Amino acid sequence: MGSVLDWTQSGAKIALVYDRKEEKQCPSVALFEKNGLERSSFSINDAIDVTLEFLKFNCNSDLLAAVVRGETFDTLKIWYFSNNHWYLKQEIRYLKDDGIKFTWDLTNPLKLMCWTLDGRVVSYKFVWVTAVTDNSIAFVIDASKVLVTPFSLSLMPPPMYFLKLEFQSAVRDMAFSSKISQNHLAASLSDGSLCIVELPPLDQWDDLEGQTFKIEASYSGTEYGSLLHLSWLDSHVILGVSHFDEDVRTGYYLHEIEISCSEDRSPGSVTCAGWHAETSHQISLEGVVIGIAPNQLISRSAFVQFDGGKMFEYTSKLGGLQRCDDMAFLSSCPWMDAALVGEKPLLFGLDDNGRLHFERRVLCNNCSTFSFYSNSGEGMMTHLVITTKQDYLFIVDAGDIVHGQLEQKYGNFLPVVVRKKTGESENVFVHLWEKGAQIIGVLHGDESAVILQTPRGNLECVYPRKLVLASIFNALAQGRFRDALLMVRRHRIDFNVIIDHRGWEAFVESAADFVRQVNNLSYITEFICAIKHEDIMETLYKNYVSLPCINGDKSSKTIIDGDKKVYSVLLSIRKALEEQIEETPARELCILTTLAKSSPPVLEDALKRIKVIREVELSTATDPRRKSYPSSEESLKHLLWLSDTEAVFEAALGLYDLSIAAIVALNSQRDPKEFLPLLQELERMPPLLMQYNIDLKLERYESALRHIASAGDSYYEDFTNLMKKVPELYPLGLQLVGGDSCKRQQVLEAWGDHLDATKCFEDAATTFLCCFCLDKALKAYRSCGNWMGVLTVAGFMKLGKDDVLQLARELSEELQALGKPGDASKILLEYCGDVDGGVSLLVDARNWEEALRVGFLHRRDDLILVVKNASLECASLLVGEYNEGMEKVGKYLTRYLAVRQRRLLLAAKIKSDELSLGYPDDETASQASSNFSGMSAYTTGTRRGSSASTTLSTSTRGRGRQRNRGKIRAGSADEEAALVDHLKGMSLSEGGKIELKSLLISLLMLGEEDTARKLQRTAEKFQLHQIAAVKLAEDAGSTDNIDEQALTLDHYTQSVRKQVLNSDAFSWQSKVLL
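Residues numbered from 1 in each chain as written. Predicted model: local features only at pLDDT ≥ 70, side-chain atom pairs only at ≥ 80, totals over all residues. Heavy atoms only, no water.

A. Geometry of the overall build of the protein. The helix and strand inventory of the protein stands at 34 helices and 37 strands. What you see for the protein is a C-alpha radius of gyration of 47 Å, clearly larger than the 31 Å of a compact globule of 1074 residues, by over 25%. Principal axes of the C-alpha set define a box for the protein whose edges measure 145 × 105 × 60 Å. The proportion of buried residues among the 1074 residues of the protein is 49%. (Helix = DSSP H or I, 4+ residues; strand = E, 2+ residues; numbered from the N terminus. Rg over C-alpha atoms; globule rule 2.2 N^0.38 Å. Buried < 20%, exposed > 50% of the residue type's maximum accessible area, 1.4 Å probe, protein only.)

B. Spatial organisation of the state of the cysteines. Within the structure shown, the criterion is met by zero disulfides. With no disulfide partner, Cys 367 has as its closest neighbouring cysteine sulfur the one in Cys 364, 5.2 Å distant. Using a relative accessible area of 2% as the deciding quantity, one classes Cys 367 as buried. Distance from the sulfur of Cys 529, which forms no disulfide, to the nearest cysteine sulfur (Cys 590) is 8.6 Å. (Disulfide = S-S within 2.5 Å.)

C. Local environment of the environment of Phe 719. By secondary structure assignment, the location of Phe 719 is in helix 19 (residues 716-725). By relative accessible area, which is 4% here, Phe 719 ends up buried. Linking Phe 719 and Ala 665, residues 54 residues apart in sequence, is a C-alpha distance of 31 Å.

D. Broad picture of unusual backbone geometry. For the peptide bond that leads from Pro 158 to Pro 159, omega is 15°, which places it in the cis range. Note that Pro 159 resides in the loop between strand 13 (145-150) and strand 14 (163-166). A cis amide bond, omega 0°, links Ser 599 with the succeeding residue Pro 600. Tracing the backbone through its elements, the reader meets Pro 600 in the loop between helix 11 (585-596) and helix 12 (603-618). Although it is not a glycine, Lys 24 sits at a positive phi angle of roughly 55°. Of note, Asn 45 is a non-glycine position whose phi angle comes to about 50°, a positive value. Along the chain, the position of Asn 45 falls in the loop between strand 4 (38-43) and strand 5 (51-57). Taking relative accessible area as the criterion, Asn 45 reaches 56% and is therefore assigned exposed.

See the structure below:
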C-alpha cells in the first residue's frame, strides 16, 4: 500500500493505491471505510511498471481522478462509481516531459484544472452524455470497452451487457447511427485513433448475446489529434472536432470524414476491421465547440453550437458554416439535440442551470434531462419528455411547443400550477418514485416507454399514460387493430378507446378488419365483455382529446345513444365472426357472448342457437356439425353466466318451448317448486291459450291480443278486457275484429269511453261518431268547448227548435265563463237572435269593427253609441297603460346599466388584485351605481335628466303587451338577465297589435280622429322605447366599457325610429294618422 490517498468530502471513505509489482500486476485502487473495512477496489488496467500519483476526488465525491506515469507518456484518468462498479470514463494522454498535475474545482464537480511544467494550464469541463440511440441501443464506456445493450430486447443495467466491444485503448467519445438496416458506431480513442463498427439489424442480434468483439482502428492518412463531438451525418460521413497544440498548428478544427470498408460484410455479423477514414473537408474554428447535432431534414448537414449558445449550420455541399441566429440559445447548452417536427427541425438545448432552451427562449427553468419520443415510423418527434429538478416527468405535445401553449397547459412545469390551472395532472406529469432519476432513453413507437436511471445505477422502465394512448391511437389510425388491442391489454387501458377514438360508427365499418387481424377468440370475447354505453373519450380520457387521430376524424355528435352503440358494434362483430372465423366451439361461445352483451340482450336468438345445438345432439344421424358446436349444456351455462338468469328463463318462455324453459330453470339452480307448477299448468293448456298466458306474463300484450283473438269467440270477453287493461291495443283490436260490424261497434265505443275518461274529448267525440253514439259525441264536444261540433251533432239528432235554442243559450253562457266572448256573441246572433247581447259580447272581445257592423246591420243607433263609448274608454285606458309602460322601460334600463357597471368594476378589481374570489368595497360599488341611477333597486324615484314619473299605476293591465316571465330579485346573480328578459317581454304581442288596429279604425269610423291619433302616437312611442331599450341593453352587455354619453335611451330611440318604423312591427299603424 502506497502513500497516495484521498478522502471523500464527507470523510466516510478513503481511496488508497496498491502497488502490486510483486504480483506482476498493475496498480489498483481500494476504498476503505473509517473503521478499515474495504468496500471496493479496482485495477487501473495499465502496464505493470506504471505509477499512480495525485489521487483526488471531486467536490461531490462521485468522480475519482489520478495521474498515471508511464515510460512514454503520462495519463490523466477519471473513474466513476455506479452499481457497485468503477468505470473508467476519461483517459487523456500527455507527453512525459509535461509533468502533468491537476486539481478539481472546489464548487463545480465536473470542472478540472491541469497544468504542465512549461506553464501551460488547461481547463476541462465535462458533461454527462447519455448514449442511447433512437432505436433504443445503449452504450456504456468503460476504459477500452464499450458495453452494448439493446433495451428493446433486454432491460439490464450496467455493468451487465448484451455484447461487448473491445478497443485498443480507452474510448474518449463515440457516436452511433441507425439508418434503416445499417447500424454504425464511431469511437475516438485516447491514442488518437478512430474506430468504426458496423452492427447488424436488431432482429439478427440473438446469436450475438454474451460475445466480445475486438475492434481494429481504421486506416487514415490524417492525424486527428483529440477528436471529440462525433456526429454521423449519414451512414458514410462523420463530423467531429479536433484540437491541436503543436508548433505546426494549434486550435480547433472541424473535420468531415468519409468512411469506407474494404472487407466483405456478411449478414448478421459485426464488421470491426477493414475500415478507412479520410478527411474530405476541414475548417479552422475560432471558438470552442459546445456540441453538434445532425440536421435530419437536410442530407449531410448539422448544427454546430459555439460558446455562448451561438448556432451555426454546417452543410457538406457548401463546405462552410452559416450562422443561424433564429435557432441560437441564450447561453451555452452542453446537452443539445435536434428533432424533426413536420418539415422543420427543432433544436433544443439544456444548460448547466437547468434551463431548457428553444429558439432563443426558455421552455423550462427547472429541467434536469430531456428526450424525444416518436410514434411515427418516419422519425418525426411527437412528444418531448423532460424531468424536472423536483422529480416530475412531463410529457409535452410537439404541437404545444410549436404553437406556444406551454404556459397555458404546463404552468412552467410546476405541478402546483398545473393542478391549479387544469384540475388534472395524470395527463400532464408523473411523479418519479426516486429522487434524482434521469431519462436515459425512450422506446419509440408502440413500446411508448421512458427508461430512467436512478442514482444507484439501476434502470426502470415507465409507461406514461399519455404516450401509451398516443401509441394506441396512432395504431388505430393506421388500421393496426391487433397491435392496438395488445397495447390496451398490456397497459390495462379501457377497451372502449378502440371503439370511441373515432366514433363507434367508424368502428362498425371496420369491424371485419378488427376480427380478421385479432384472430383470437379469447381476446375478442374479453373485448366484447368490456364494451360500455358511454363514450370513453368524453369521460375517462377526456383530458387526452388533443391527441392525434381524434379531433379531425371523430364524429361531431355530442350526445351518444349508448344502446345503439352497443347493439351496432356487437352486431357488426357477430357478422364478422360468422363470415371470417371457421366454425368451432370457441366461435359459437363468442357469438353467444355478443348476443348476451347486446343492449338490450338478444337472449331469444341465443336460446334459438342453443336449441339448434340440442337438436343436433339428440339427432340419431351423424351430423358433421357436432364437432363445430360446444355441448348444449356448456352453451347454456355460458349464457347464464353472462346474463341474468331470470331474463334467460323469461326468454325461454317467450319461445313457447317448455322443455327449453325447464332446462334453463334447472341449470340456473332455481327451486323446482317455483317453476314446475307454472310449466305444468301451461302444458295442460291449448297451444293458443298457453301462448296467450305466456305473453301476459312477459307483458307482450300485442302478441297476447293476437293469440286470444285467434282462440275463438269463446274468449272474446278476455279479448275486450285486455284492450281495456292496455288501451294502446285498441287500434290493433280494430284490425283483428275485421269485418264483424257488431264487434267493431263495441270496440269503438269502448275506445271512445276510454278517451272520454282520459279527457281527450275531441278524439272521443270523433270515435263516438264512428260508432253512431251521438249522445256521447255531443257530450264530448260540449266538454271540450267545441260549440260548432255540439250544434252540428244536435242537427244530426234532429232536436226541436226550442231544444236547440235552449242548448245555444247554455253554450253561450259556458263560453262567456271560459273567456271566449267572441264565440258566445256568434251563438247569440246566429241561433238566439239576441242583438243586444251579441254586440255587448263583441265589445268585451275588443272586436270593434264587427260590433259596428252588427249595429249598422240592424239600424240600432243605441248600439252604435254603446260601441262608441266603450271604444273611447278603451283608448283612454291604453294611452295610460302605454305611458306607464314607458316609465317602466326607463326604470328597468336604468337599473340594468347600474348593475352592469357594478359588475364590471368588481371584475376589474378582482383582476387587479389577482384574487380568485372577492368584491370591491361598498363605497366603490355605490359610486358605480350612482353614476347611472339616483334610485335603489325597484323603488320609485327619478332619473337625472328625465321628466317621466316612475309612479306606476296598478289599476289596469296591458292586454296588448306580453306578460313578464318572472320576478326580478334585486342583487341576485341573474338580475341582469332578468332585467333584459322583462324588457323583451314588454313588447306588443301579435294579438295586441290586431286589437289596436281594429280600435284605431273604429275610432276613425266614429269620427274620433284626435283620440285615434293620440292613441297611435302613444303606442308608437312606447314600442320605439321598448325596442330601443332592448338594443341598448344588448349592446351594453357585449362590452366591458360603459359609455354614459353613447348609451342613452333617447339616442337609441332616434336610431331605432329610422330603422324599424316602416317594418312589419309597425304594420298596425294607420297612415292617415301619421
